[in-house]
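Observations on chain architecture
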Amino acid sequence: MTRVLVVEDDPQLARALVINLKARQFECLTAADGSTALRLVGEHSPDVVLLDLGLPDMDGTDVLRALRAWSRVPVLVVSARRTSDEKVAALDAGADDYITKPFSMDELLARLRAATRRTTPAATGAAGDRSLIVRTAAFTVDLLAKKVRRDGNDVRLTPTEWHLLEVLIRNRGRLVGQRQLLQEVWGPAYGTQSNYLRVYMAQLRRKLERDPSHPRHLITAPGMGYRFEN
Ligand code: CA
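In this report, we go over the structure that sits alongside the text. (Residues numbered from 1 in each chain as written. Predicted model: local features only at pLDDT ≥ 70, side-chain atom pairs only at ≥ 80, totals over all residues. Heavy atoms only, no water.)

**Observations concerning the packing of helix H4 (residues 84-92) against helix H8 (residues 194-208)**
The condition that has to hold: For helices, the axis comes from a line fit to the C-alpha atoms of the stretch in contact; other axes are also lines fit to C-alpha atoms, and the angle between any two N-to-C directions lies between 0 and 180 degrees. Think of it this way: any DSSP run of H or I at least four residues long counts as a helix, any run of E at least two long counts as a strand, and we number them from the N terminus. Here is the rule for angles: anything less than 35 degrees is roughly parallel, anything more than 145 is roughly antiparallel, 65 through 115 is roughly perpendicular, and the remaining ranges are oblique. Put simply, a crossing is left-handed when the front helix is turned counterclockwise from the back one by less than a right angle, and right-handed when it is turned clockwise. Residue contacts are counted whenever heavy atoms from the two residues lie within 4.5 Å of one another. Residue polarity follows a fixed list, in which Ala, Val, Leu, Ile, Met, Phe, Trp, Tyr, Cys and Pro are nonpolar, Asp, Glu, Lys and Arg are charged, and the others, Gly among them, are polar.
As a packed pair, H4 and H8 sit with axes 11 Å apart at the nearest point and diverge in direction by 55°. If you check the angle between H4 and H8, you find them oblique. Our pair here, H4 against H8, has a crossing hand that is right-handed. Facing H4, whose interface residues are Val88, Leu91 and Asp92, H8 presents Val199, Tyr200, Gln203 and Arg206. The residue makeup of the contact of H4 with H8, split by class, is 4 nonpolar, 1 polar and 2 charged.

See the structure below:
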């Protein structure tokens, strides 16, 4: 059974979420503020966190930052905020996905399933028969240890950024279509959300490329997809 921590200070919305999630066989914990949320993640190790950004005691992005210091639990941010700056700030702080209020229960469930699926490691080795260490002029990726190093330092990637990078590296030198990337990283329902790719590729370039506006390793084929080059 998948255990969800619902972090939401609106009691009616929290109750509606819990009723719907329990009806679909999720196990639910609830927190009405950020400090309770952090404590419950530590105590109960949920499989996924649904996080409202507007909380009474601290901002949701600060909850995320605090959480990411010690936990990789997938976090789906739920918010009424609509601007892309706020979306990028939440993703930068370590969110795996983002859903804007009001949302349909079906959409929420699809995203919850995608978020939890991403944390289940693939049965086969990610790198197949290729080397597990991939070097470029700018950074080094260890696929087995799931580590990226740049200029002698570890680069911290969110689980989604890592998954995206891993799919591109597994196909290195080859174009990976937008639909394939979206479906591999976000799940079957996401084949058309190319805006996700733009946001996450921009983040990856900012973290990895020497000159993010002129990428040498994370290449865009406009309108088609992306390609990793050593
Ligand atoms: Ca709120």
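Alright, that's what it looks like, and here's the rest.
**A word on empty space enclosed by the protein**
Just so we agree on the cut-off: Buriedness of a pocket was judged along seven lines, with at least five required to meet protein on both sides within 12 Å; pockets are open sets of points on a 1 Å grid over the protein atoms alone, cavities are sets where a 1.4 Å probe fits but cannot get out, and lining residues have an atom within 4 Å of a point. Grid points are joined across faces, edges and corners, and a volume is the space filled by probe spheres set on the points.
Applying the stated criterion across every chain, the model contains 1 cavity of 30 Å³ or more. Estimated volume of the largest cavity: approximately 30 Å³. As for the largest cavity, its lining consists of Leu5, Ala37, Leu38, Val41, Val49, Leu51, Val63 and Leu67. When contributions to the lining of the largest cavity are tallied by element, the ones reaching two or more residues are helix H2 (34-44), strand S3 (48-52) and helix H3 (60-68). It is H2 that contributes the most residues to the lining of the largest cavity, 3 residues altogether.

**Things to note about the sheet that holds strand S12 (residues 225-228)**
Working definition: the strands of a sheet are paired by backbone hydrogen bonds and lie parallel or antiparallel to each other. To keep things clear, this is the line we draw: Between any two strands, pairing holds if DSSP finds at least two bridges.
Taking strand neighbours across the sheet as the criterion, the 3 strands line up as S10-S12-S11 in an open arrangement whose pairing is antiparallel. The strands lining the two open edges of the sheet, one partner per strand, are strand S10 (175-177) and strand S11 (218-221). Between one strand axis and the next, the sheet turns by 30° as a mean value, whatever way the strands run. Strand contacts of helix H7 (residues 178-185): S10 and S12, with the helix running at about 70° to S10, the strand carrying the most contacts.

**Digging into the coordination of the calcium ion**
This is how it is decided: Donor selection uses N, O and S atoms within 2.8 Å of the metal (3.2 Å for Na, K and Ca). Since no water is included, sites may look incomplete.
With distances of 2.2 to 2.4 Å, the protein atoms coordinating the calcium ion are Asp9 (OD), Asp52 (OD) and Gly54 (O). Donor residues for the calcium ion, ordered by position in the chain, follow D-x42-D-x1-G.

**Description of a nonpolar patch on the surface**
Which entries qualify depends on this criterion: Candidate patch residues must exceed 30% relative accessible area and have no salt bridge, after which like charges are joined if within 9 Å and Val, Leu, Ile, Met, Phe, Trp or Tyr side chains if within 5 Å. Note on areas: Shrake-Rupley with a 1.4 Å probe; residue coverage comes only from the protein chains shown. One speaks of a salt bridge when a side-chain nitrogen belonging to Lys or Arg is within 4 Å of a carboxyl oxygen belonging to Asp or Glu. To sort residues, take the accessible area from a 1.4 Å probe on protein chains only and compare it with the maximum for the residue type: under 20% means buried, over 50% means exposed, and anything in between is partly exposed.
A cluster of nonpolar side chains, namely Leu132, Ile133 and Leu144, defines an oily patch on the protein surface of about 260 Å² accessible area. If you trace the backbone, Leu132 turns up in the loop between helix H5 (105-118) and strand S6 (133-135). On the accessibility criterion, Leu132 (32% relative accessible area) is partly exposed.

**Quick look at the environment of Asn230**
Operational definition: What qualifies as a polar contact is a pair of N or O atoms within 3.5 Å, subject to a donor-acceptor requirement within protein and to the restriction that residues adjacent in sequence count only when both atoms come from side chains.
With respect to the element layout, Asn230 can be found in the segment after S12. Spatially, the C-alpha atom of Asn230 lies 9.3 Å from that of Ala138, the residues being 92 residues apart in sequence. When near neighbours in sequence (up to four residues on either side) are disregarded, Asn230 contacts Val134, Arg135, Thr136, Arg172 and His217. At 3.3 Å, the side chain of Asn230 forms a polar contact with the backbone oxygen of Arg135.

Remember, this is a structural readout, not a statement about activity or role.
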